[in-house]
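Summary of the model geometry
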Amino acid sequence: MDRFVIRGGNRLEGTVGVEGSKNAALPIMAATLLCAGESTIHDVPNLRDIQMMADLLRYLGAGVSWEAGTLGVNATTATTVNVPETLMRRMRASNLVLGPLLARFGEVSISQPGGCNIGARPMDLHIRGLRALGATITERAGYITATATKLRGAEIHLDVPSVGATENLMMAAVLAEGQTVIRNAAKEPEIVDLQNFLNLLGARVKGAGTGVIRIQGVPGVHPAEHHIIPDRIDAGTHLVAAAITRGDVLVTNIIPEHVEPVIAKLREMGACVTVTDDGVRVRVDGRLRAVDVKTMPFPGFPTDMQPQMMALLTVADGASIVSETIFENRFKHVPELVRMGANIRIEGNTAVIRGVKDLIGAYVEATDLRAGAALVLAGLAAENTTVVEHVEHIDRGYAKLEEKYRMLGADIVRVSN
Ligand code: UD1
């Protein structure tokens, strides 16, 4: 397994481009299962999570080609409707095939995803929504099985605006009879991208980006071609990398509105952030000020940026409070940051961070994707050498992160065992 060895202290300077969005690409890949024929998806990032979804589609029988960021999925022969535990365990987002397979074949069975490193992550909202659409669902021996002779449009109110449940229900409702209304739907940009793709397939979906999504069922859909939006978490991570190294970085291929919560916090901390036609530029000259951060569904501060932002707050001037309201177990990076000299105290879902002047390099472990990114950022700013173990977590969501930061002037190398 790979590790990153980082000699911190270099100021990042230059231009870095953002990859296509992982979390937009995953449901869109699943949505290709809605019909026979080959769909083409451009700007797909070269990531482990994407490879895993491609493997899952192949397991289901689809033909998948992938070259230079363009993915072809031919779902004509994708007729398997069971997802075994081995594939589900590799990636929770595998559950996104539930909606499209049920819609197309009237049956689907997936292994229960179970918990993960950041929390319990139940499936109850997906299941209740599918039941409202007329599916019969059984949960037995670790498997969720859904069947329906014909799905029927329904009014669904989500208890919490779950991204995955909104996506699964949108995809299931595409081929249902009549209109489906999803209330308290997730408003994330990835939901809008899914709506755009579904409509290219011939679906009739509107309202994505607001809390109410309406899907008018159609009898059938056809393949389509689509470009994935830029990844707002990849983008946000680079903005924070610039800030934590007191650098000067222009982040390109970015949709500024999608990273507004991060930009707002960086400005509040005293960073100079300018938005131009070319991208978003972050420049930091001195020490930044402490700020409070509370994670919320979009357009609030994203939980997927909380660990990276916390890394930045460990070296800010003053005390910050970070509240994590989305996942119950998303402070795994805290003990690792403490190993690097950070002063952090956790109480329930709140972390109190007292900024220190400098972090000091240490051996640390990436426990999940974004926690790993936070440790890389901390390592870039720390004195001496930081070794980040378990880079495989980071590779799930960042494409060659070390090469990008090296181009910006960082001293970071990947070491393989
Ligand atoms: C997606 C993202 C993930 C991000 C998260 C929140 C993908 C592939 N992953 O995950 O990176 O961190 O959104 O922005 O897009 N919940 C329930 N019951 C359910 C479903 C969810 O209680 O049936 C709860 C979860 O436990 C969690 C909250 O809802 O507390 C939000 O989860 P959700 O939005 O579903 O996250 P994911 O779609 O899994």
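First, a word on what this report is: a plain description of the structure on this page. (Residues numbered from 1 in each chain as written. Predicted model: local features only at pLDDT ≥ 70, side-chain atom pairs only at ≥ 80, totals over all residues. Heavy atoms only, no water.)

1. Some remarks on the overall build of the protein
As a reminder of what qualifies: A run of H or I in DSSP becomes a helix once it reaches four residues, and a run of E becomes a strand once it reaches two; helices and strands are each numbered from the N terminus. The rule is simple: take the accessible area with a 1.4 Å probe, protein chains only, and divide by the maximum for that residue type; under 20% is buried, over 50% is exposed, in between is partly exposed. Only heavy atoms matter for contacts: two residues are in contact if any of them lie within 4.5 Å across the pair. Accessible surface is estimated by sampling points in the Shrake-Rupley manner with a 1.4 Å probe; for residues, cover comes only from the protein chains shown. His is not counted here, nor are the chain ends, while Lys and Arg score as positive and Asp and Glu score as negative. For charged residues, the charge sits on one atom: NZ in Lys, CZ in Arg, CG in Asp, CD in Glu.
Looking only at helices and strands, the protein features 14 helices and 24 strands. Taking all 417 residues of the protein together, the buried fraction comes to 58%. In the protein, the share of contacts with a sequence separation of at least 24, taken over all contacts with a separation of at least 6, comes to 73%. As displayed, the protein offers around 15,800 Å² of accessible surface, 48% of which is attributable to carbon and sulfur atoms. With 42 positive and 46 negative side-chain charges, the protein shows a spacing of 4 Å between the two charge centroids.

2. A look at helix 7 (residues 189–200)
What counts, and what does not: Here the expected length of a helix is defined as 1.5 Å per residue gap, with one fewer gap than residues.
Counted at 1.5 Å a residue, the expected span for helix 7 with its twelve residues is 16 Å, and the 17 Å between its end C-alpha atoms agrees. When we look at burial in helix 7, the residues that qualify are P189, E190, I191, D193, L194, Q195, F197 and L198. One or two residues past the end of helix 7 sits G202, with phi positive at roughly 105°.

3. Some thoughts on the site of the ligand
Short version of the rule: Any residue with a heavy atom positioned within 4 Å of a molecule or strand is treated as near that molecule or strand. A 3.5 Å cut-off defines polar contacts: any pair of N or O atoms within that distance qualifies, except that in protein one atom must be a possible hydrogen donor and the other a possible acceptor, and neighbouring residues in sequence count only when both atoms are side-chain atoms. Three classes are used, and their members are as follows: Ala, Val, Leu, Ile, Met, Phe, Trp, Tyr, Cys and Pro are nonpolar, Asp, Glu, Lys and Arg are charged, and the others, Gly among them, are polar.
Close to the ligand lie 18 residues, the nearest being D124, S162, V163, D304 and I326. Here an oxygen atom of the ligand sits 3.1 Å away from a polar atom, N or O, in the side chain of N23. The backbone of P122 places a nitrogen or oxygen atom 3.2 Å from an oxygen atom of the ligand. Coverage of the ligand by the protein chains reaches 83% of its 740 Å² of free accessible surface. Counting only elements with at least two residues in the shell around the ligand, the list comes to helix 5 (124–132) and helix 6 (163–173). Per element, the largest residue contribution to the shell around the ligand is three residues, and it comes from helix 5. Partitioning the shell around the ligand into residue classes produces eight nonpolar, five polar and five charged.

4. A short note on the side chain of Q308
Turning to its location among the elements, Q308 is positioned in helix 10 (residues 306–313). Accessibility expressed as a relative area gives 0% for Q308, which makes it buried. A polar contact of 3.0 Å, which involves the side chain of Q308, links it to the backbone oxygen of D304. Among all residues touching Q308, those that are not within four sequence positions of it are I233, T237, V240, R370, A373, A374, L377 and Y398.

5. A short note on the environment of R7
Counting through the fold element by element, R7 comes out in strand 1 (residues 3–7). Separated by 189 residues in the primary sequence, R7 and N196 place their C-alpha atoms 43 Å from one another. Look past the residues within four positions of R7 in its chain and what remains in contact with it is N384, T385 and D411.

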